[in-house]
Amino acid sequence: MAFTKNDVKLSGDVPKTLLLQKHSDYLASYGLNKDDFEYCMTEHLRMSGIYWTLTAMELMDQSSRMPKEEIIEFITSCQDNESGGISASIGHDPHILYTLSAVQVLAMYDRLDAIDVEGVVRFVTSMQQEDGSFYGDKWGEVDTRFSFCAVMTLSLIQRLDAINVTKAVDFVLSCMNFDGGFGSRPGSESHAGLIYCCVGTLSICKRMDALHADELAWWLCERQLPSGGLNGRPEKLPDLCYSWWVMSSLSMLNRIHWVDKNNLEQFILASQDAETGGFSDRPGNITDPFHTLFGLAGLSLLGNTSIKRVNPTYCMPQETIDRLKLEPQILHI
Amino acid sequence: MMVMVLERVNCDQHGRVKVRTTEEEKARIEKERQEKVKRKENELDTELLELTGKVLMSNPDINTLWNIRREIFLHIRKDYSEVELTKMYDDELSITEYCLKKNPKSYCAWHQRMWVLTTRSDPDWKNELDLCNTYLKLDERNFHTWNYRRFVVSQCKPPLQDEFDYTTEKLLDNFSNYSAWHYRSKMLLHLYPDVEGGRPIQDIHHKHELKMVINAAFTDPDDTSAWFYQRWLLGAVKTSINLVACAVTESKITVAFSKPVPLGYVQSSTQIFINNNVLNAEWISCCGYQYDSLWILKQKVDLIGGMDIKILILRNNKLNTLKGFPNINLEKLDIQGNDEINVDEVEQFKQDHKFVTIF
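If you're wondering where the values come from, they're calculated on a predicted model, not measured in any experiment. (Residues numbered from 1 in each chain as written. Chains lettered and ligands numbered in written order. Predicted model: local features only at pLDDT ≥ 70, side-chain atom pairs only at ≥ 80, totals over all residues. Heavy atoms only, no water.)

Undergrad: What should I look at first to understand the overall build of chain A in this one?
TA: Each helix and strand in chain A was counted, giving 14 helices and 2 strands. Along the longest, intermediate and shortest principal axes, the C-alpha atoms of chain A span 55 × 50 × 35 Å. Out of the 333 residues belonging to chain A, those deemed buried represent 68%. Partitioning the contacts of chain A with sequence separation of at least 6, the portion at a separation of at least 24 is 69%. (Helix = DSSP H or I, 4+ residues; strand = E, 2+ residues; numbered from the N terminus. Buried < 20%, exposed > 50% of the residue type's maximum accessible area, 1.4 Å probe, protein only. Contact = heavy atoms within 4.5 Å.)

Here is the structure:
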């Protein structure tokens, strides 16, 4: 474990048990008031917001509390006929981030028929560049997040063959660093979130062999701090969402036992808000659907049986991945 | 989805203490709503530039608004003089700077800056490098700034030695700067790669780097940054692909490599001869993967005493012949790590695998 000055201390009165009902109530009421400031300010990432919320609800077996038909209709109306891509919200431009979120939501609902799937294939393939990398949209930003979005989107609709997978993998591997980790572009510093994206890409493309598993897992498990929480890079503060980025990566590497699970569980539970429901990035901060999903998903990886099993590659319920007959690769040794 | 985390990091989701919504902020949303109406009327003009600019300065992460601005620039630039264009692009850089002061981790604002610099005809890269220096003084770990720095360096191509020296300067300022250690590793691989030996970098520089690590460790032994760097210096050894074991049974021949290799490698590097006849069966991955350590050649072999089995493998571009399958003995099997050999097990093993050789 890292000795660090950047950490938090858990006070005595933090939640120590999982408050499932609170979280379900919190998410069910989130967005009911469409004029709420918070809701308006996050319109530009609405589609991902729906993915976070629905997945969290699915994991708690509470998705019936979500307005299913309204969501599906919304997604249909966010698809751009010309490019085939999907936007975060009506009136916004299509982007690979929201195309993935939309496909994930529809995959969970088993309603991929609600969009023009061939349009999605057209959009995603048009984003791949000569070097194997992916743009996020037509404006040319390159990031390994987008590589992951591309392969995950296409695999969910069984069309991974539509892109050059070998080149996609080669680009991701060109982002590997001295510590075995990955950054957002070749030369970029390792970051747990991007490591998740790159390991996830290799998991879907079945090229986990290309990783330096021990070096990478060592770097990942060193993210744990005395508080039990995980940070995303050395000498940074812990943040609940890294319970997902780090732990899902370690799960794919089959080395989840390299962190202190009990300590991490305490940190995750302490990040709940007992009044409002939901999870925040650190104990005592304001909650949001994003951290609520990753708190629950993290607990699922840790083996909490009151939450459904989550798939470490897709961050979706394992039952959905099984239904789609997807088999992302997990390292055996 | 989860990939959004990184974008989300910028959108005030992290480290927020509970605060009340203000009327002022509500007004901003109203403005944002107006933007969309505007665009539908297709008014790609300077007025829209001003409006989107105002909204972005309060929330720089609305990607679509930056898209609108780029569309406007591309649309109106033919009507502008060089001087006017210079002013327009300079103003845009000022807006991104304002946004980055508000949110130094805004993907959108950083990307807009890259777009402006690569779109205008008169980019001032020196100024951009100075901007990176300034921002890295304010936050030495902002990976967006470091990414932007790499972009600027890739465009204006300063001597890489300067960049290497910059990491030295940053590290002497604070050994705990993991971003600088990282960048340093990249610079070293460019400047002084070790083409011959097994180390990542040339010996003389390797020694110098180890000294840096010792300095760092003495300064702050609890900091992990230098330790990761040291692990790289000492641990990164180029590994070559070796054939490590081969087993022949009646129905198949199995070979094991020291690391996963693709089908193409096996086909082009490995040939198996029985009594000087080459086997031409198809290689199959043991686990069904594209890259695998274990490869199987499905081939019926009549195992009889005194047969000549050999493997021809291409190793380091040299052909090596490996022989000796029929000469299997207990000592050979011992290499598998069985310190105490159970004779019965060995007999069984020998029956299952008529010929086994471990290289």
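Here the narrative resumes, following the displayed structure.
Undergrad: In this structure, what is going on with the overall build of chain B? I would like to understand it.
TA: What chain B contains, in helices and strands, is 15 helices and 9 strands. Put simply, of all contacts in chain B between residues at least 6 apart along the chain, 59% involve residues at least 24 apart.

Undergrad: Can you help me understand the confidence of the model for chain B in this one?
TA: Caution is warranted with low-pLDDT regions, since their predicted coordinates should not be read in detail. All names here are of chain B. Within chain B, residue pLDDT values average 80, and 73% of them lie at 70 or more. Here residues 324-341 is a poorly scored stretch, pLDDT under 50, and it has 28 contacts once near neighbours within four places are set aside; other chains count. Across the whole predicted complex the pTM is 0.87, and at the interface the ipTM reaches 0.95. (pLDDT = per-residue confidence, 0-100.)

Undergrad: Explanation requested: unusual backbone geometry in the structure shown.
TA: Among all residues save glycine, negative phi is the norm, and among peptide bonds the norm is trans. All names here are of chain A. Residue Lys206 is not a glycine yet carries a positive backbone phi of 55 degrees. Within the secondary structure, Lys206 is located in the loop between helix H9 (192-204) and helix H10 (213-221). In this structure Lys206 comes out as partly exposed when scored by relative accessible area, which is 31%. Even without being glycine, Lys325 reaches a positive phi, approximately 55 degrees. Relative to the helices and strands, Lys325 is located in the segment after helix H14 (318-323).

Undergrad: How should the pairing of strand E3 (residues 270-274) of chain B be read in this particular structure?
TA: Looking along a regular strand, one sees side chains alternate from face to face of the sheet. Residues and elements named next belong to chain B. Counted residue by residue, E3 has 4 buried out of 5 residues, so it is predominantly covered. Summarising the sheet, E3 and strand E4 (residues 277-278) pair through 2 bridges and their orientation is antiparallel. Residue Ile274 lies in a different strand from E4, and its bridge partner there is Asn277. What sits between the antiparallel neighbours E3 and E4 is a turn of 2 residues, in which Asn275 has the positive phi angle 50 degrees. (Pairing = 2+ DSSP bridges.)

Undergrad: Even after reading the chapter, I still don't get the packing of helix H8 (residues 143-156) of chain B against helix H9 (residues 160-173) of chain B, so can you show me in this structure?
TA: The description of two packed helices rests on the angle between their axes and on the distance between the axes. Residues and elements named next belong to chain B. Where H8 contacts H9, the two axes come as close as 12 Å, and the packing angle between them is 160 degrees. In terms of their interaxial angle, H8 and H9 are classed as roughly antiparallel. H8 and H9 meet at a crossing whose hand is right-handed. For the pair H8 and H9, contact is made by Trp146, Arg149 and Val153 and by Leu160, Glu163 and Tyr166, respectively. Each residue belonging to the contact of H8 with H9 can be placed in one class, and the counts come to 4 nonpolar, no polar and 2 charged. (Axes fitted to C-alpha atoms, helices over the stretch in contact; angles between N-to-C directions. Parallel < 35°, antiparallel > 145°, perpendicular 65-115°, else oblique. Left-handed = near helix turned anticlockwise from the far one by under 90°. Nonpolar A, V, L, I, M, F, W, Y, C, P; charged D, E, K, R; others polar.)

Undergrad: Sorry if this is basic, but what is going on with the interface of chain B and chain A here?
TA: It is common to give the size of an interface as the accessible area that goes away when the parts come together. The partner chain A presents 81 residues to the 61 residues of chain B that form the contact. Here chain B meets chain A over a buried area of about 6,400 Å², counting both sides, of which 57% is carbon and sulfur. The tally of links from chain B across to chain A stands at 2 salt bridges. Note that B:Arg141 is salt-bridged to A:Glu189, the shortest N-O span being 3.1 Å. Our count for the chain B to chain A interface comes out at 21 residue pairs in polar contact (both at pLDDT 80 or more). Where the side of chain B that touches chain A is concerned, the elements lending two or more residues are helix H1 (4-8), helix H2 (23-40), helix H4 (63-76), helix H6 (107-119), H8, helix H10 (178-191) and helix H12 (225-235) of chain B. For the side of chain B that touches chain A, the element with the most residues is H2(B), which contributes 8 residues. When grouped by side-chain class, the residues that make up the side of chain B that touches chain A number 23 nonpolar, 17 polar and 21 charged. (Buried area = accessible area lost by both parts, 1.4 Å probe. Salt bridge = Lys/Arg side-chain N within 4 Å of Asp/Glu carboxyl O. Polar contact = N/O pair within 3.5 Å; in protein donor to acceptor, adjacent residues only side chain to side chain.)

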